[in-house]
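# A structural walkthrough
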Amino acid sequence: MAETHSLQDMRQQAAVAAKVFIQRDYTNGTVCQFQTKFPSELETRIDKQQFEETVRTLNNLYAEAEKLGSQSYIEGCLACLTAYTVFLCMETHYEKVLKKIAKYIQEQNDKIYTPRGLLLTDPIERGLRVVEVTIFEDRSLTR
Amino acid sequence: MKNCEYQQIDPQALPIPTPTPPAQHNGSDKREEPRRARRKWEVFPGKNRFYCDGRIIVARQSGVLPLTLGLILVTSGLFFIFDCPFLVKHLTSCIPVIGGGLFVFVVITLLQTSFSDPGILPRATPDEAADIEKQIDNTGNTSYRPPPRTKEVLINQQVVKLKYCFTCKMFRPPRTSHCSLCDNCVERFDHHCPWVGNCVGKRNYRFFYTFIVSLSFLTAFIFGCVTTHLALSTWAQGGKGLVFALQESPGSAVELVICFFSVWSILGLSGFHTYLVASNLTTNEDIKGSWSGKSGEDVTNPYSHKNIFINCCTMLCGPMPPSLIDRRGFLPTDESVQTASTDIELSTLAAKNEINVCTQGTKGLLESATRSPLLSTSCPQGKQTVHTCPDNNPAVNSDPSPELSTSCGPRHTASSQGNTSPPRHTKSRAKKSKRAALHIPNPAFDVPVSPTSPDAGPSSRARGHKGSSLSPSH
């Protein structure tokens, strides 16, 4: 039988073996950055370079969201002049980037992590504290 | 119970909570039991209240927010009724326009400060909490030892201690503090303001700052207009004097009193917060003296951009961070009780109905725990369903937090500073001083009582104001 798993099936049938949490990296202050250190539990599952690349891209995306550029200043000044009521109607720059991040994580999961029995959880669901990597039991080995 | 093929579900074997579209599961729920999907605010563990289906969030005690609103509305109302007609006739019709604009600005920013999420950090999930404890206590010790309270990190070449929050079960990010009134960790915690009835933190600091600055303008403007009105009246009356003018326009007298006493404290507060914004400090850090080098070490604020303009721009015009608590999101169905996994593994069993009853969330867990004897009689599988509810509610299991973090910092100054600020409302201030006195000896709180001497000008007034953010004494 072909071993094609959809993400849904994967989650419903596989048992969770472990969870690894990538913590925040505060060396540059309170900006949202995650540690790129490769956790030992993932050594057997995924290539170090690939994982670090994922985390680095995430960090870059969060940096883009929190960037103090001209666009954010214009948005901020406009908001201030309207007593911040624009936040009720308009989607902020940060929210737009968060959507981009969600899409990126979904894509990474589909392409790289799920085939290896892993799953990345979007940090926003964990309050931007950790990147949760769920390790599923490797059923293929037990068959 | 013996003949049911029910199998106990190991919470560890469950799949990840995935935000599957609620409509799908609503549908499946509705087939078995008509129950609407619950939103996350309904199971929020902190002491907050929610209105408009989670759109509005306030602290449990509204503090003196009604008073603040009342004073602003009354003063502005009296201004428009008594002073504006006179001034429009004798001066210019711009006056009500400017006054109206300022008034609208003040009320909008006040409501935004009070009703928005200050930057609450959601509590750690049980898996995260377990992971943190495992990392700390890796000596293989079987006896339970509470994790150490601090962790040091290097931020911009400055050593910063991160404290462990026993309530939220995580190491607090830098500048985050746990507010005991709201029972939440708040990012970039400034203070808990009773005047707005909410914490002031990362997300609503700019609203708060705009509120106090525009309120100072409004108060000063009304004060100026009332003085002009009375002066012109007195002058026009000739010999009859000030008393006659006041009798003719009693509202102006009230406004004069309110504005005279408020303008100093509000202006002082605005000045203090302008200083904080320019140096990228929080009230908390300023009062504790975290970066002032009091301990003799060479410490500088690692968060400051070393440039006043950039600091101001960052705070007031920087990107608006999103709310991390997602109050209007629907509870993931696995939390509404692993229906996903049970659907697959126990799909043939009628026990599904009973499993759905075991709703996740603090209330659900507590209710099911208390109801379990009843459940066991009404539904044979009831008892087992209670066991299978994973306790993913830290609020249920949390230890009483012995560490009252720095949210208490501003408060302890109330007793010493209560007299320095001009009483805006003597009754409430007397009440607050009493509450401060009640608060201080409480042994449960680990209040860092740093001796804050009455420093010059704005700081002392601001501390007086801040000092009134007190713990509940009732």
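This text goes with the structure placed above it.
Report on the accompanying structure. (Residues numbered from 1 in each chain as written. Chains lettered and ligands numbered in written order. Predicted model: local features only at pLDDT ≥ 70, side-chain atom pairs only at ≥ 80, totals over all residues. Heavy atoms only, no water.)

Helix and strand content of chain A: 6 helices and 3 strands. Mapped in sequence order, the helices and strands of chain A form the string α-β-α-α-α-α-β-β-α. Here chain A holds 143 residues, and the buried ones make up 50% of them. If you take every contact in chain A between residues at least 6 apart in sequence, the share linking residues at least 24 apart comes to 61%. (Helix = DSSP H or I, 4+ residues; strand = E, 2+ residues; numbered from the N terminus. Buried < 20%, exposed > 50% of the residue type's maximum accessible area, 1.4 Å probe, protein only. Contact = heavy atoms within 4.5 Å.)

A separate point is the overall build of chain B. Looking only at helices and strands, chain B features 17 helices and 10 strands. Looking at chain B as a whole, 54% of its 474 residues are labelled buried. Considering only residue pairs separated by 6 or more positions, chain B has 71% of its internal contacts joining residues 24 or more positions apart. Just so you have it, chain B exposes about 21,200 Å², and 61% of that area is on carbon and sulfur atoms. (Areas by Shrake-Rupley, 256 points an atom, 1.4 Å probe, with all protein chains shown as cover.)

Next up on the list: the side chain of E285(B). All names here are of chain B. If you trace the backbone, E285 turns up in helix α8 (residues 283-288). Judged by relative accessible area, E285 falls into the buried class, the value being 9%. Discounting chain neighbours no more than four positions away, the residues touching E285 are R175, N280, S290, W291 and Y303.

Time to look at the pairing of strand β2 (residues 56-59) of chain B. Residue and element names in this part refer to chain B. Pairing of strand β1 (residues 48-51) with β2 involves 4 bridges; the strand directions are antiparallel. If you follow N48 over to β2, its bridge partner there is A59. Counting the residues that bridge the hairpin from β1 to β2 gives 4 residues, and of these C52 lies at a positive phi of roughly 55 degrees. (Pairing = 2+ DSSP bridges.)

Here we take up a nonpolar patch on the surface. Residues and elements named next belong to chain B. A cluster of nonpolar side chains, namely V257, F260, F261 and W264, defines an oily patch on the protein surface of about 370 Å² accessible area. For F261, the position within the fold is in helix α7 (residues 250-278). Residue classification places F261 among the partly exposed residues on the basis of a relative accessible area of 34%. (Patch = residues over 30% accessible without salt bridge, like charges linked within 9 Å, V, L, I, M, F, W, Y side chains within 5 Å. Salt bridge = Lys/Arg side-chain N within 4 Å of Asp/Glu carboxyl O.)

Below, the discussion takes up the packing of aromatic side chains. All names here are of chain B. Within the structure shown, the criterion is met by 15 aromatic pairs over all chains. Aromatic rings pair up to connect F79, F80, F103 and F221 into one cluster. The ring centre of F171 lies 4.9 Å from the NZ or CZ of K151, which sits over that ring. (Phe/Tyr/Trp six-rings, centres within 6.5 Å; stacked < 30°, edge-to-face > 60°. Lys NZ or Arg CZ within 6 Å of the ring centre and 35° of its normal.)

Another point: helix α3 (residues 94-115) of chain B. Residue and element names in this part refer to chain B. Across its 22 residues, α3 extends 32 Å between first and last C-alpha, which sits within 8% of the 32 Å expected from 1.5 Å per residue. Along α3, the residues classified as buried are I95, G99, G100, L102, F103, V106, V107, T109, L110, Q112, T113 and S114. Next to the buried residues of α3 lie β2, α2 (65-90), β10 (198-200) and α5 (205-237). (Expected span 1.5 Å × (residues − 1).)

Counting residues in each nonpolar core, the largest one holds 47 residues, and the members touching the most others are I72(B), F79(B), V160(B), Y205(B), F211(B) and L215(B). When contributions to this core are tallied by element, the ones reaching two or more residues are α2, α3, β4 (150-155), β5 (158-165), α5, α7 and α9 (308-317) of chain B. Per-element accounting of this core gives the leading share, 12 residues, to α5(B). Sequence-distant contacts of I72(B), that is, excluding residues within four places in its chain, are made with F103(B), V106(B), V107(B), L110(B), F211(B) and L215(B). Formed by 38 residues, the second largest nonpolar core is a distinct cluster that contains L42(A), I46(A), C165(B) and L324(B). (Core = buried A, V, L, I, M, F, W, Y, C linked by side-chain atoms within 4.5 Å.)

Pairing of side chains with opposite charge becomes possible as their charged atoms draw close. Counted by the stated rule, this structure contains 16 salt bridges over all chains. Its salt-bridge partner being R129(A), residue E128(B) comes within 2.8 Å of it at the nearest N-O pair. Taken together, the positions of E128(B) in helix α4 (residues 126-136) and R129(A) in the loop between β2 (118-121) and β3 (130-136) put the pair across two chains. A relative accessible area of 3% means that E128(B) is categorised as buried. One network of salt bridges, with partners in common, ties together K19(A), R126(A), E132(A) and D127(B).

Nothing here speaks to function; it is all geometry.
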